[in-house]
Amino acid sequence: PTKSVKRNISRGDIDRVEGKKKLMELTAYTAYNCDKSENDPAFGVTASGKKVKEWRTIASGKCFSFGTRVYIPYFKDYPNQGIFVVEDRGGAIDNDNLDIYMSSLSEAKKFGRQTLEVYILD
């Protein structure tokens, strides 16, 4: 079954993340960082088969299965309230890194590389 992104973090979610907080290195990517052209039918399709979506899609190493929800407090004031879903993989992503999909290349470059606190929700 497909897991959906929650719109609000509940007190129960925060209670459940005790011990699951990690510092991770985060970078951003766009569909243009991939090896497919815009004319390719697979352009913007993740390793899980889903279409990339801003404020939802993240790529991780194989330590997190597809569908794992991750809360990143840095993004708590963004449209997703900081909750992302692992939907993609990347050749250069190891288990201490996450790559956040952004639709804008300039926004992805502006975000750069940051070490941030993350919570693994499920």
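This text follows the structure it describes.
A few points on the structure. Chains are numbered independently. Their residues run from 1 in the order of the written sequence. For a predicted model such as this one, the threshold for reporting local features is a pLDDT of at least 70, and the threshold for listing and counting side-chain atom pairs is 80 or more; totals across whole chains, interfaces and linings nevertheless cover every residue. Values reported for side chains reflect all heavy atoms of the structure, with hydrogen atoms and water molecules removed beforehand.

## Let's talk about the side chain of Asp88
Numbering of helices and strands runs from the N terminus, with a helix taken as a DSSP run of H or I at least four residues long and a strand as a DSSP run of E at least two residues long. As for its placement among the helices and strands, Asp88 is situated in strand β4 (residues 83–88). Counted as a polar contact is a pair of N or O atoms within 3.5 Å, where, for protein atoms, one must be capable of donating a hydrogen and the other of accepting one, and residues adjacent in sequence contribute only when both atoms are in side chains. Side chain to side chain, Asp88 and Tyr29 meet in a polar contact 2.9 Å long. Residues count as neighbours in contact if any of their non-hydrogen atoms are within 4.5 Å of one another. Sequence-distant contacts of Asp88, that is, excluding residues within four places in its chain, are made with Tyr29, Thr46, Ala47, Thr57, Ile58, Ala59, Ser60 and Phe66.

## Thoughts on the pattern of salt bridges
The working definition used for a salt bridge is a side-chain nitrogen of Lys or Arg within 4 Å of a carboxyl oxygen of Asp or Glu. Taken as a whole and assessed by the stated rule, the structure comprises four salt bridges. Among the ionic pairs, Glu117 bridges to Lys21, the shortest N-O distance being 3.5 Å. Of this pair, Glu117 sits in strand β6 (residues 113–120) while Lys21 sits in strand β1 (residues 21–29), and the two are 96 residues apart along the sequence. Burial here depends on accessible area, computed with a 1.4 Å probe over protein chains only, as a share of the maximum for the residue type. Under 20% is buried, over 50% is exposed, and the range in between is partly exposed. On the accessibility criterion, Lys21 (48% relative accessible area) is partly exposed. Among the ionic pairs, Lys76 bridges to Asp77, the shortest N-O distance being 3.4 Å.

## Details of unusual backbone geometry
Even without being glycine, Trp55 reaches a positive phi, approximately 65°. Tracing the chain through its elements places Trp55 in the loop between β1 and β2 (57–60). Its identity as a non-glycine residue notwithstanding, Gln81 has a phi of 55°, on the positive side. By the element assignment, Gln81 lies in the loop between β3 (69–71) and β4.

## Some details on the pairing of strand β5 (residues 97–101)
The buried fraction of β5 amounts to five of the five residues, a majority that puts the element mostly inside the structure. Along β5, one buried face is formed by Asn97, Asp99 and Tyr101 and the opposite face, lined by Leu98 and Ile100, is buried too. Pairing between strands is defined by DSSP: at least two bridges between them are needed. Bridge count between β1 and β5: five bridges; the pairing is parallel. By the bridge assignment, Thr27 is partnered in β5 with Asp99. Relative to β5, β2 is paired through three bridges, and the arrangement is antiparallel. Bridge pairing in β5 links Ile58 to Ile100.

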